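Letter by letter, the chains look like this.
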Amino acid sequence: MANALMETDDAVDDGRLLRTPPHNFEAEQALLGAILGNQRAYERVSEFLRPEHFADPVHGRIYDACGRLIERGQIANPITLAPYLENDEVVREVGGQRYLAKLVASMVTIVNAEDYARQVYDLHIRRELIDLGEGMVNEAYVPKIDEPAMNQIEAAEQKLFNLAASGESERGFVSFHDAATKAVELAEAAYKRDGHLSGISTGLRDVDNKLGGLHPSDLLILAARPAMGKTSWATNVAFYAAQARRNALDRGEEGPELDGGVVAFFSLEMSADQLATRIMAEATGVSGDRFRRGDIDDDDFDRLTQAMTVLSQIPLFIDDTPALSVSALRTRSRRLQRIHGLDLIVVDYLQLMRASPGTRVENRVQEVSEITRGLKALAKELSVPVIALSQLSRQVENREDKRPQLSDLRESGSIEQDADVVMFIYRDEYYMSDEPPERRDSETDEHHNSRVERWQQRREESRNIAELIIAKQRHGPTGTVRMYFEGEITQFRDLDEFHDQGNFSE
């Protein structure tokens, strides 16, 4: 009995070893016959079918040769292909021109050509999945000290994503009727929404007026030098969006004009509790520094307790995993969208991310470029806006006017190219010295007093003022928006420049 069982197992094992990858040579032949008999068959399938998708290399070479001739405006048939394939040893081994004539004899109508091509492509994907699976198994059997198992998972996820992305055929032409209908639907949703925004509101009136809200599929880069408040700005926006969605749901609202959204905040620099402290400070008005030190009174504690009850209900999810890769960020975003929905992604910050495992990068600039391309692809795939924070190079500090420019983007690569919107935060107050300018050698009293007056005026004008410089925007105007910044609770607010008293709106 034991021997019989062993033989059965061996037979099963042998059967598995003898399994051939899925293919359909007859479908490949019929498709090539259709192309050789009617050029329109190639037009129907060339958008998604490539030479490497054929299981038989000979068929892939013939398909490639047909495509080259057709794209040059020539006819592809056994006679015109013969001169190009007669020196191809692989094609010659199967019969050369006689084999081409055999393909024509197996021709199907062009109506069926696309069906055959879809099957050829589907079988190619299955073969790729088999190769990918075997590679995963082999790598798992040989553990490496410098490559944790989680890295292998991320590499496998990236390969699966690349395979899935390769299957997305180009959209091709869209009729103006369909495009216009979609545009009117977006305009209608904006009209019904408070503030008439087509995207998610930032919570800042003047910023929304410039951007029109945060639009799905957009990659927004927010860059600044350290201590300018870029994390605070992103936190304010994320908190406002999540709170607006919670409030809308509590009111029983629904539909595409629903305010706010579910937010995923990937904090690669700060821990989740530190980020939560900032949000609590903004919501309660209690200084985050006092909050951390426990320097609060009974009234402050009551406000924190009440705020906690409300804030625990907002759809804001924080992931503070350090050195997150693009593939891991994509996987977690997809999972969140599937379970809770997802309307906005914030990444703090871009330079702390790393490229997906298995991606070949020669230098840091190339790696950052790979990251920005991945974030833009993610924004389009999930149809949500992605705000990615970025550091600026130190060359800003060497200029007299320290307002950032596009050329200041650190390790820029394709950051400017991939982004739909590039914004900078600048606070003149940060660069203002607490001490008045000293008197220069041989400087007159009058000239020195004049410089001191200008310093006092500039210092007063810059107090609590921040600038959001929109340096690039594909959908709208560029320009600068002035905001009020309260550093104690790290909060940005709209600036009311039309009233003398207070000079800002509460």
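Residues numbered from 1 in each chain as written. Predicted model: local features only at pLDDT ≥ 70, side-chain atom pairs only at ≥ 80, totals over all residues. Heavy atoms only, no water.

**Things to note about the overall build of the protein chain**
Here is step 1 of the chain: Counting its secondary structure elements, the protein chain contains 19 helices and nine strands.
Here is step 2 of the chain: Burial statistics for the protein chain: of 506 residues in total, 43% are counted as buried.
Here is step 3 of the chain: If you take every contact in the protein chain between residues at least 6 apart in sequence, the share linking residues at least 24 apart comes to 69%.
Here is step 4 of the chain: Roughly 28,100 Å² of accessible area belongs to the protein chain as shown, and the carbon and sulfur atoms make up 49% of that amount. (Helix = DSSP H or I, 4+ residues; strand = E, 2+ residues; numbered from the N terminus. Buried < 20%, exposed > 50% of the residue type's maximum accessible area, 1.4 Å probe, protein only. Contact = heavy atoms within 4.5 Å. Areas by Shrake-Rupley, 256 points an atom, 1.4 Å probe, with all protein chains shown as cover.)

**Description of the sheet that holds strand S8 (residues 479-486)**
Here is step 1 of the chain: Strand order in the open sheet formed by nine strands is S3-S2-S4-S5-S1-S6-S7-S8-S9, with mixed pairing between adjacent strands. Two strands close off the open sheet at either side, each with one partner strand: strand S3 (316-319) and strand S9 (491-494). The sheet shows a mean angle of 25° between the axes of neighbouring strands, direction not considered.
Here is step 2 of the chain: As paired strands, strand S1 (residues 219-224) and strand S6 (residues 421-426) are joined by four bridges and run parallel to one another. Directly across from Leu222, in S6, lies its bridge partner Met423. (Pairing = 2+ DSSP bridges. Axes fitted to C-alpha atoms, helices over the stretch in contact; angles between N-to-C directions.)

**Concerning the confidence of the model for the protein chain**
Here is step 1 of the chain: Per-residue confidence for the protein chain averages 77 on the pLDDT scale, and 78% of its residues sit at or above 70.
Here is step 2 of the chain: Within the protein chain, strand S4 (residues 344-348) carries the highest mean pLDDT (91), whereas helix H1 (residues 2-18) carries the lowest (45).
Here is step 3 of the chain: Contacts for the low-pLDDT stretch residues 499-506, under 50 throughout, to residues beyond four places or in other chains number eleven contacts. (pLDDT = per-residue confidence, 0-100.)

**Quick notes on the side chain of Thr231**
Here is step 1 of the chain: Position of Thr231 among the secondary structure elements: in helix H12 (residues 230-250).
Here is step 2 of the chain: In contact with Thr231, other than residues within four places in its own chain, are Glu269, Met270, Leu275, Arg278, Asp348 and Leu389.

**Brief notes about the pairing of strand S5 (residues 386-391)**
Here is step 1 of the chain: Counting buried residues in S5 gives six out of six residues, a clear majority hidden from the surface.
Here is step 2 of the chain: Residues Val386, Ala388 and Ser390 point to one face of S5 and Ile387, Leu389 and Gln391 to the other, with burial holding for every one of them.
Here is step 3 of the chain: As defined by bridge partners, S1 adjoins S5 across six bridges and the pair is classed as parallel. Each bridged residue has a counterpart across the sheet, and for Ala224 the counterpart in S5 is Gln391.
Here is step 4 of the chain: Note: S4 against S5, three bridges, orientation parallel. Pairing of Val346 across the sheet is with Ile387, part of S5.

**What about the pairing of S1?**
Here is step 1 of the chain: Along S1, six of the six residues are buried, which leaves the element largely enclosed by surrounding structure.
Here is step 2 of the chain: Residues Leu219, Ile221 and Ala223 point to one face of S1 and Leu220, Leu222 and Ala224 to the other, with burial holding for every one of them.

**Thoughts on the packing of helix H2 (residues 25-37) against helix H4 (residues 57-71)**
Here is step 1 of the chain: Following both chains from N to C, one finds H2 and H4 inclined at 20°, their axes separated by 11 Å at the closest point. Of the possible angle classes, the one that applies to H2 and H4 is roughly parallel. The chirality of how H2 crosses H4 is left-handed. Here Phe25, Glu28, Gln29, Leu32, Ile35 and Leu36 of H2 come into contact with H4, specifically with His59, Ile62, Tyr63, Cys66 and Ile70.
Here is step 2 of the chain: Residues of the contact of H2 with H4, tallied by class, amount to eight nonpolar, two polar and one charged. (Parallel < 35°, antiparallel > 145°, perpendicular 65-115°, else oblique. Left-handed = near helix turned anticlockwise from the far one by under 90°. Nonpolar A, V, L, I, M, F, W, Y, C, P; charged D, E, K, R; others polar.)

**With respect to the pattern of salt bridges**
Here is step 1 of the chain: In this structure the tally under the stated criterion is twelve salt bridges.
Here is step 2 of the chain: The closest approach of N and O atoms between Asp343 and Arg245, which form a salt bridge, is 3.4 Å. Linking Asp343 in the loop between helix H16 (326-339) and S4 with Arg245 in helix H12, this pair joins segments that are 98 residues apart in sequence.
Here is step 3 of the chain: What makes Asp343 partly exposed here is its relative accessible area of 23%. (Salt bridge = Lys/Arg side-chain N within 4 Å of Asp/Glu carboxyl O.)

**Here's the deal with the packing of H4 against helix H5 (residues 78-85)**
Here is step 1 of the chain: Between H4 and H5, the shortest axis-to-axis distance is 10 Å and the interhelical angle comes to 110°. One finds that H4 runs roughly perpendicular with respect to H5. Like other packed secondary-structure pairs, H4 and H5 cross with a definite hand, here right-handed. Where H4 abuts H5, its residues Ile62, Ala65, Cys66 and Leu69 lie against Thr80, Leu81, Tyr84 and Leu85.
Here is step 2 of the chain: Here the residues of the contact of H4 with H5 sort into seven nonpolar, one polar and no charged.

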